[in-house]
Structures are given as structure tokens and as C-alpha cells.
Amino acid sequence: MARRVLLVDDDATVLNSLAGALADIGLEVAAAESAETALGKLAEVAPDLVLSDIRMPGLDGIELLKLVRERAPSVDVVLMTAYDDMPTVVRAMREGAFDFLVKPINLDELEEVLGKALRDRRAREAARRAVEDEAEPYRLDELVGKDPQMIGVFKLVGQLAASRVNVLVRGASGTGKEMVARAIHFNSADADEPFVPVNCTALPETLLESELFGHVRGAFTGAVGDRRGRFALAGRGTIFLDEIGETSSEFQVKILRVLEDGEVHPVGGEKPEHTEARVIAATNRDLDSLVEEGRFREDLYYRLKVVEIVLPPLRERPTDIPLLARHLVRKASQRLHQTEPALPDSTVEALLEHDWPGNVRELENCLTRAIALSTGGVIRPEHLGLGRGAEQQAGVFRALDDVEAEHVRRVLFGVGGNKAKAARVLGISKPRLYRLLEKHGIE
Ligand SMILES: Nc1ncnc2c1ncn2[C@@H]1O[C@H](COP(=O)(O)OP(=O)(O)OP(=O)(O)O)[C@@H](O)[C@H]1O
Ligand SMILES: [Mg+2]
């Protein structure tokens, strides 16, 4: 990620040494020895940031700042000066300087300020893209949809990407909760930091805690050394807590503490550790009734609910079905290294008539299977296996077993025999894959 800085200083020695230091940290640098030269170069260089001295003959840094704000409002300006008198600092900040550095420049501090400015800029760009998406509302990266509710979701994703608040994502199974969480993370200023998905039901809770918060040596049998948890590993990234609705009240208290104080307690440890990770939690449960039944803590619920994204079930957004179907067929064909089959109107109609209890995930699995069953480069309604027109399907079903076996074989071969990968490509769990391998006698 090359980022460009326009550096301005009338002192040639300072100009050269700073230019060198900035290049060393991987930035592209254009240098100017006066504010006038800098303004002349502004359009051509198109910098992400202007770093300028204040006291210079001719136009000074603050006048340059004002002109840059006028001509290129999205460009951040950081000012530096040897004279840190209050009024100048105040004026600079009031005129919209991003930050103010005092000479001699401390390189660590400079790097930190530039890093922050460039990160903020990326987040602003993401937010702006999300809003501009209104004109072309069909996708936010991989998220597809044009239903008004989904456009609302995309906008929210863009806005939340530009902040670091914790988020609750709700929606029935397969509605795209994890995808939304990823979209928030990967459009944020901290996209380079890890996205760490954690399924809260995948482990017994004691293990889950040590997995998330880490443990100290001797915390329990088998804890032979200190171990860092996923919160620590996530840095300033995102922890995705999936299926938070299934957790116990004891566990919920601990999450509440993380959200309120930014602190995690390693299992068996005495000192809490600070965490900067953003938490995105998800659930397909109706938390309102879980709270009513006393099965979800009210305090955590209200804490999580502050920023909430609700994903509508697929049957409530019929305009998205053809759009998603085409997108998913393209994606699956690429993954299976097959030419993309056509989806005639009759097939789209059959898709629109189905209820989709498993939402987008079900649609994806249905189409992946249909691609394997399709003949002559066309997916016909009977390839969908959606229960309607069962008589038509009788013949298909007899052949289905063979096709299934053949498909599993092909996929397994395609991924070099890696079963975990094969299960992912097929959109099924590993145990399910093992059952299929056994059923068809595949080695
Ligand atoms: N709007 C969308 N655009 C494109 N693909 C989508 C969209 N929503 C969901 N998908 C796809 O559907 C599948 C299910 O999505 P995801 O895993 O995010 O759902 P989920 O809500 O987390 O499901 P579950 O509750 O089962 O965990 C994924 O393969 C995802 O890529
Ligand atoms: Mg999920």
C-alpha cells in the first residue's frame, strides 16, 4: 500500500533527512522547498497527506493548510514547527490541521501520526464508498443485495467500518451474519489486523475461556505454560463471537467486562490484561425472549444492542433472490472450475417460490448441487431438488446418488484429497462428508 506524502520545508537539510526517513517507512515522498511549490505540485502528486513546516518565507504553513483544505479537502495536513507557542498550535488545529509536531522531529512520533492519519483516511474512504454505493447498490465487496433493507445494512456496515464500536449482528441461520462481520472488519482502518472468528458453542466453556482470554501456567491440569488468548492475538483487529446467545451467564459476565473495561482476565491469572480488539457478536436466537426467560443477561443485552444490525430472512427480500442466485452460481462455478451454467427464467421462478428456511446458505448449497446436476450448461428447475414437481424429479433422484458420488469424488480430487477443504467446497460439515464417503465407498 504505497501512500504518498507531500513534504514541505524551506530548510534543505531538514527536507532531505525527513524525506529519507519517510521513504524508509515505506511511503512515497514528494518534496517541495516552499508552500508555493507545494501548491503547484498538489494536483500532480495527489498526496494522501501534506507534512509541512510552519515558518517559511512567502506563504507560511498555516496559509498552505488553509489553501490545501480548500483545494483538496480530503488531504490531511500535519504541521511542524520549532516554535511550539500555544496560539500557533491552536490556530493550526482550528484551521483543520490533522496534527502538530514539534521540531526536532521524533521519528517514532512522526510515524505514529502518519499511520493514524492514513488509517483514518482509509476508514473515511470506506464510509464514503458505502454511501456512494447507493448509485450502484448491488454490492459491498462480496455482499450482494438491492432490497431496501439490505441497502440499509450496507450503509451501516460502511459507517461502522469507520468506527471501532462493538456490534451485534442478528439474523436467522444462513442470512449472512458472518459475512457482515467480515465486511465491517475488512473495510475498517484496521483491516490489516486479524479477524478472529470464535464459535462460542464449539468448545466447552472452560476451554473457550482459556482460548479467548489465555491462561497462566498451572491454571488447570495440562496448562504447562502461559498461553496468550485470542483477544491478545487479535490486537486492534476484530473478535467475532458467533452464537453468543448460547453461552452461560458466567461467560456473559466476562464478555460484559471486556466490553465495559476493555479488560480480559487470563484463566488462573491475577492481573487483567488490556485489549483493544473490537467485538462483533452474532446470534440467530431471539435475544428478547431469552432475556425474558432469564437465559440471557439483560445488562449484556443492552450493552450489545447499542449498535445492532438485523439481517432479514431471504424470503422477505425476494428481489435479492435472482441477484444472489446469479452471484452464487458464478462463485461456485469458479470454485469448482466449471463453466458457469445459465439460469433460465423458469429456474428463477422456482427459486422465488421456495421458502428458504436456511436462507442464503441454503440457496448457496442448493445451487452448488444444481451446478453438478446441470446438463448442457443450463440449470433447470428439476436440478434444484426443491420438492415441487416431484414426479419430474423421480428420474433425477435415481440418478442423484450416482451424481452425488461422482461430484464428491471430483471435488475431493480437485482439492488434492484434503477432506477439510472438500467439505468446505461442498458446503457441508466434515462429519457429513465422512458419512458420504462411507455411503459411496469412496477412499
Ligand atoms: N448478501 C450476501 N451476498 C452474498 N453472499 C452471501 C450473502 N449473505 C450470505 N451469503 C453467503 O451465504 C453463506 C452464509 O452466510 P454466513 O455464513 O455469513 O451466514 P450466517 O448468518 O453466519 O449463518 P449461520 O447462522 O448458519 O452461521 C455464506 O457462504 C455467504 O458467503
Ligand atoms: Mg455464521
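Definitions and cut-offs
Residues numbered from 1 in each chain as written. Chains lettered and ligands numbered in written order. Predicted model: local features only at pLDDT ≥ 70, side-chain atom pairs only at ≥ 80, totals over all residues. Helix = DSSP H or I, 4+ residues; strand = E, 2+ residues; numbered from the N terminus. Contact = placed C-beta atoms within 7 Å. Domains from an automatic or database assignment. Expected span 1.5 Å × (residues − 1). Near = placed C-beta within 6 Å. Nonpolar A, V, L, I, M, F, W, Y, C, P; charged D, E, K, R; others polar. pLDDT = per-residue confidence, 0-100. Core = buried A, V, L, I, M, F, W, Y, C linked by C-beta atoms within 7 Å. Buried ≥ 20, exposed ≤ 12 C-beta atoms within 10 Å, placed from the backbone.

### Focus on the overall build of the chain
Thought 1: Broken down by element type, the chain carries 18 helices and 14 strands.
Thought 2: In terms of principal-axis extent, the alpha carbons of the chain reach across some 90 × 55 × 45 Å.
Thought 3: Of the contacts made within the chain by residues no fewer than 6 positions apart, 68% connect residues no fewer than 24 positions apart.

### So, the domain arrangement of the chain
Thought 1: The assigned domain composition of the chain is domain 1 (4-120), domain 2 (133-312) and domain 3 (315-439).
Thought 2: Summarising the inter-unit geometry, the C-alpha centres of domain 1 and domain 2 are found 38 Å apart.

### Focus on helix 1 (residues 12-24)
Thought 1: Its 13 residues give helix 1 an end-to-end C-alpha distance of 18 Å, which sits within 8% of 18 Å, the value for a rise of 1.5 Å per residue.
Thought 2: Count one or two residues on from helix 1 and you reach Gly26, which has phi positive near 90°.

### Looking at the site of ligand 1
Thought 1: Among the 18 residues in the neighbourhood of ligand 1, the closest are listed as Gly176, Lys177, Glu178, Met179 and Val360.
Thought 2: Those elements giving two or more residues to the shell around ligand 1 turn out to be strand 7 (143-144), helix 7 (177-186), helix 13 (320-335) and helix 15 (359-373).
Thought 3: When its residues are assigned to classes, the shell around ligand 1 shows five nonpolar, eight polar and five charged.

### What about the confidence of the model for the chain?
Thought 1: Across the chain, pLDDT averages 86, with 91% of residues at or above 70.
Thought 2: Within the model, the stretch residues 389-394 combines pLDDT values under 50 with five contacts to residues more than four positions away or in other chains.

### Observations regarding the nonpolar core
Thought 1: Among the nonpolar cores identified, the biggest contains 38 residues, and Val157, Val169, Val180, Ile184, Ile280 and Ala281 are the most heavily contacted of them.
Thought 2: If you tally residues by element for this core, the top one is helix 6 (residues 148-161), at six residues.
Thought 3: Beyond its immediate chain neighbours, meaning those up to four positions away, Ala281 contacts Leu168, Leu241, Ile244 and Leu304.
Thought 4: In terms of nonpolar packing, the next biggest core, distinct from the first, is built from 31 residues, Leu6, Ala32, Val50 and Ala97 among them.

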